[in-house]
Structure formats: structure tokens, C-alpha cells
Amino acid sequence: WFYSSPELRKESQDFYEPRMSGKMVRLPGSWMQGFWINSNRAKKFSASIELYHRIAPRYDAQGTELSWSTNYRFNNKLSAGLSSYMEFFNKTLGFAYIEEPDVIMGLRDRRTADNVFNVKYNFNNKMGLTFRLRHYWSKVDYTRFFTLLDDGNVADLSVASQNPNTNVNFFNIDMNYTWQFAPGSFVNITLKTASELFDQYVREKYYYNLRSTIQSPQISTFSIKVIYFLDYLDLKGNKSKRASNSPIPG
């Protein structure tokens, strides 16, 4: 399938991006085109891909979003999948920082990558194990700054007093075992491991961020949850049966 917006999207008023109550910023109009393709998910191997490109004439801003996913079913019990989302935005207008009483906006280059690997294994129709590994990386590099005016427009700022560049990483591993031991009743055993990294090294590449995040201190949690379904009508029926079987005093 192919998608295209034939007309330039009108300028919008954003009351959230300034991050200050009572403020509003006028975001430039833009137009977008792209396509997406999906294969038959009933097959052993399935895949999908989406690609979109957006252009905003003001500031010569543009951005590309790409996502794809694959899944392979080895048999009725085991399947594995890999998915990825990436975005490449240049010269987009957004919040930078607050310098009372002003809100500072900026043109920024954004890069984001979100990769997920998952495995699912079913021992039988009542018992299964899932594994999910995810790395999220996003960096924002500011190239130009503005002062937000009361009418939502912006005015050039010659010198910024802060460095709002941000480099963010999250790395997660989730494993979950589920057993349905009775109708509506489950045992869930979960193991989670997470690490994160925040800095301003926006010049570093993807594999540096992945390695540094994995080497960061990790937080692990282990939990067991039991859900047991009680049928009120069955309990009521048992009580009524016991009452009817009780000896009659005489």
C-alpha cells in the first residue's frame, strides 16, 4: 500500500510542547508520503515493512520513519521474531529548556532506534514460556535556538545558556512462564532485568550506546503471581447441598 498527503498540512498550535502552562508554539505545516507491505501471517515466515517521509518547508525540516518486523514459526511450539523501528529527523522545531520567564525552543536533529527480539515456546496448550529482549536508543542534537513569543511564534536566540542535548538508552530482558492449572487460574513466574544510560554524548554511534548500556548497573526483579478462579455459584451450590444433607433435629 502507498500513502501520500497531497496537500501541505496546515500550521498547528501545540500547547504541550512548550512544557509551561499558558504557553503555545506554532509548529510548521508539513506533508508526508510513504508505503507499507505485509506478508501472510498464517505462513511459517512472515514479514512487514513501513516507510514514511515527512517534509516541512519552513526551516527545511524533514524526517524519515522506518519500521520492519519478521517472525518465523519453527513448529507448533516454537516461534521467534525480530522487529525494529528507526527515525531520522532533521531541523524539527521542539522544546529545548526553560529559562524563567522564557521558554527556549530549538531546531534539533533526532535519531531513534528501537529493536526487539522475542521468542515464544508453548510446552502444551496450558503452559508456555516467553522471552523478550529490547534496546531503545534516542538522541537529540540541537543546532539552533529561539525564544518562544506570547503569540506562539519564535524569535532567534543568539546564544544558548544551556546544553539540552540528550542521549538516552534503555535495555530490558523479560522472561515469563505461564501455567494454567485450572479454568481461569494461572501461575505466572517473571524475571526482569533492566539497565539505562543517560548522557549527552550525541556523537557516539549505536554499538557504543548498546555496549555502554549493557555494562551499566542493572536492576533485576523476580516475581511469582498466582491467580485462582473461584466460582461463586459452585460455592453456593456446595453450601446448599451440605445444608440439605444435614440431619433434621428432632
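In this text the structure is predicted, and so the values were computed from the model without any measurement. (Residues numbered from 1 in each chain as written. Predicted model: local features only at pLDDT ≥ 70, side-chain atom pairs only at ≥ 80, totals over all residues. Heavy atoms only, no water.)

A. Quick look at the pairing of strand 7 (residues 78-99). Relative to strand 7, strand 6 (residues 61-73) is paired through 12 bridges, and the arrangement is antiparallel. Counterpart to Arg73 in the pairing with strand 7 is Ser79. Counting the residues between successive antiparallel strands, the hairpin from strand 6 to strand 7 contains 4 residues. With 19 bridges connecting them, strand 7 and strand 8 (residues 102-124) associate as antiparallel partners. If you follow Tyr85 over to strand 8, its bridge partner there is Asp114. If you look at the hairpin formed by strand 7 and strand 8, you'll find 2 residues sitting between the two strands. (Pairing = 2+ DSSP bridges. Helix = DSSP H or I, 4+ residues; strand = E, 2+ residues; numbered from the N terminus.)

B. Representation of the packing of aromatic side chains. Counting across every chain of the model gives 12 aromatic pairs. Centre to centre, the rings of Trp179 and Phe181 are 5.6 Å apart; their planes meet at 55 degrees, and the pair counts as tilted. Residue class for Phe181 comes out partly exposed when judged on its relative accessible area of 30%. Pairing Tyr206 with Tyr207 gives two aromatic rings, centres 5.3 Å apart and planes at 85 degrees, and the pair type is edge-to-face. Its relative accessible area of 18% is what places Tyr206 among the buried residues. Linked through ring pairs, Tyr97, Tyr142 and Phe145 together constitute an aromatic cluster. It is Arg110 that lies over the ring of Phe89; its NZ or CZ is 4.6 Å from the centre. (Phe/Tyr/Trp six-rings, centres within 6.5 Å; stacked < 30°, edge-to-face > 60°. Buried < 20%, exposed > 50% of the residue type's maximum accessible area, 1.4 Å probe, protein only. Lys NZ or Arg CZ within 6 Å of the ring centre and 35° of its normal.)

C. How the structure looks around the layout of surface pockets. Taken as a whole, the largest pocket spans an internal volume of roughly 400 Å³. Lining of the largest pocket is provided by 22 residues; of these, Arg9, Arg54, Phe89, Thr92 and Leu93 occupy positions nearest its centre. Put simply, the parts of the chain that give the lining of the largest pocket at least two residues each are strand 2 (12-14), strand 5 (45-56), strand 6, strand 7 and strand 8. Along the lines of polarity and charge, the residues of the lining of the largest pocket split into 9 nonpolar, 5 polar and 8 charged. (1 Å grid on protein atoms, 1.4 Å probe; cavity = no way out; pocket = protein on both sides within 12 Å on 5 of 7 lines; lining within 4 Å. Points joined across faces, edges and corners; volume = space filled by probe spheres on them. Nonpolar A, V, L, I, M, F, W, Y, C, P; charged D, E, K, R; others polar.)

D. Representation of the nonpolar core within the structure. In terms of nonpolar packing, the biggest core is built from 10 residues, these being Val25, Leu27, Tyr59, Leu93, Phe95, Val103, Met105, Leu107, Phe146 and Leu148. Taken together, the elements giving at least two residues each to this core come down to strand 3 (25-27), strand 7, strand 8 and strand 9 (127-148). A total of 3 residues in this core trace back to one element, the largest contributor, which is strand 8. For Phe95, the contacting residues outside a window of four places in its chain are Glu17, Pro18, Arg19, Val103, Ile104, Met105, Arg108 and Tyr142. Residues Tyr97, Ile104, Val140 and Tyr142 belong to the second largest nonpolar core, which totals 6 residues. (Core = buried A, V, L, I, M, F, W, Y, C linked by side-chain atoms within 4.5 Å. Contact = heavy atoms within 4.5 Å.)

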